[in-house]
Amino acid sequence: MMNAATDDTTNDTTTGPEALPLTATDARERRIVVAVDGSDSSIDALRKAVELAGPLTAAVEAVSVWQYPAAVVDTYPSSLWTPEEDAQATLNAAAATVFGESIPAWFSTSIRS
């Protein structure tokens, strides 16, 4: 019996963005949407979505949702802080964590309020 690690016919089981069989220019009609809030579990969910994207030939969209806290709106509106900027920074950090500096074209982010 051959060990799978030494069997030349065994499929590569590498996971992660580097294992995706498609290039950044491949057309992807399917889409995996994953909510990202910056938590470890949301980063893990994003990694899983990326892992599934290759075999499913799917694009991945990371989504962040925000709303103004009632106390901020009622007390003082501020032009110095916006939840949109925080949400985009969270998405950018998540993408950098998962992909490093090379973010593929089939990955996108969106912010919802």
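See the structure printed just above.
All of these numbers come straight from a predicted model, not from anything done at the bench.

Peer 1: What am I meant to see in helix α3 (residues 83-99) here?
Peer 2: Within an α-helix, residues lying three or four positions from one another point in the same direction, as the helix has 3.6 residues per turn. The end-to-end C-alpha separation of α3 is 24 Å, in line with the 24 Å expected for 17 residues at 1.5 Å each. Taken together, the buried positions of α3 are Pro-83, Ala-87, Leu-91, Ala-94, Ala-95, Val-98 and Phe-99. Down the axis of α3, the buried side of the element spans an arc of 120°, and every buried residue falls inside it. Against α1 (40-56), β2 (58-65) and β3 (107-112) lie the buried residues of α3. Count one or two residues on from α3 and you reach Gly-100, which has phi positive near 75°.

Peer 1: Help me understand unusual backbone geometry, please; the structure alone is not making it clear to me.
Peer 2: Backbone phi values are negative for most residues with the exception of glycine, while trans is the configuration of most peptide bonds. Residue Thr-57 is not a glycine yet carries a positive backbone phi of 50°. Relative to the helices and strands, Thr-57 is located in the loop between α1 and β2.

Peer 1: How should the packing of aromatic side chains be read in this particular structure?
Peer 2: Each aromatic ring pair is summarised here by two numbers: the centre-to-centre distance and the angle between the ring planes. Under the counting rule described, the total for this entry stands at two aromatic pairs. Ring geometry for Phe-99 against Trp-106: centres 5.9 Å apart, planes inclined by 75°, an arrangement best described as edge-to-face. The same class applies to Phe-99 as to Trp-106, namely buried. Members of the aromatic cluster, connected to one another through ring pairs, are Phe-99, Trp-106 and Phe-107.

Parameters and conventions
- Residues numbered from 1 in each chain as written.
- Predicted model: local features only at pLDDT ≥ 70, side-chain atom pairs only at ≥ 80, totals over all residues.
- Heavy atoms only, no water.
- Helix = DSSP H or I, 4+ residues; strand = E, 2+ residues; numbered from the N terminus.
- Expected span 1.5 Å × (residues − 1).
- Buried < 20%, exposed > 50% of the residue type's maximum accessible area, 1.4 Å probe, protein only.
- Arc of directions from axis to C-beta.
- Contact = heavy atoms within 4.5 Å.
- Phe/Tyr/Trp six-rings, centres within 6.5 Å; stacked < 30°, edge-to-face > 60°.

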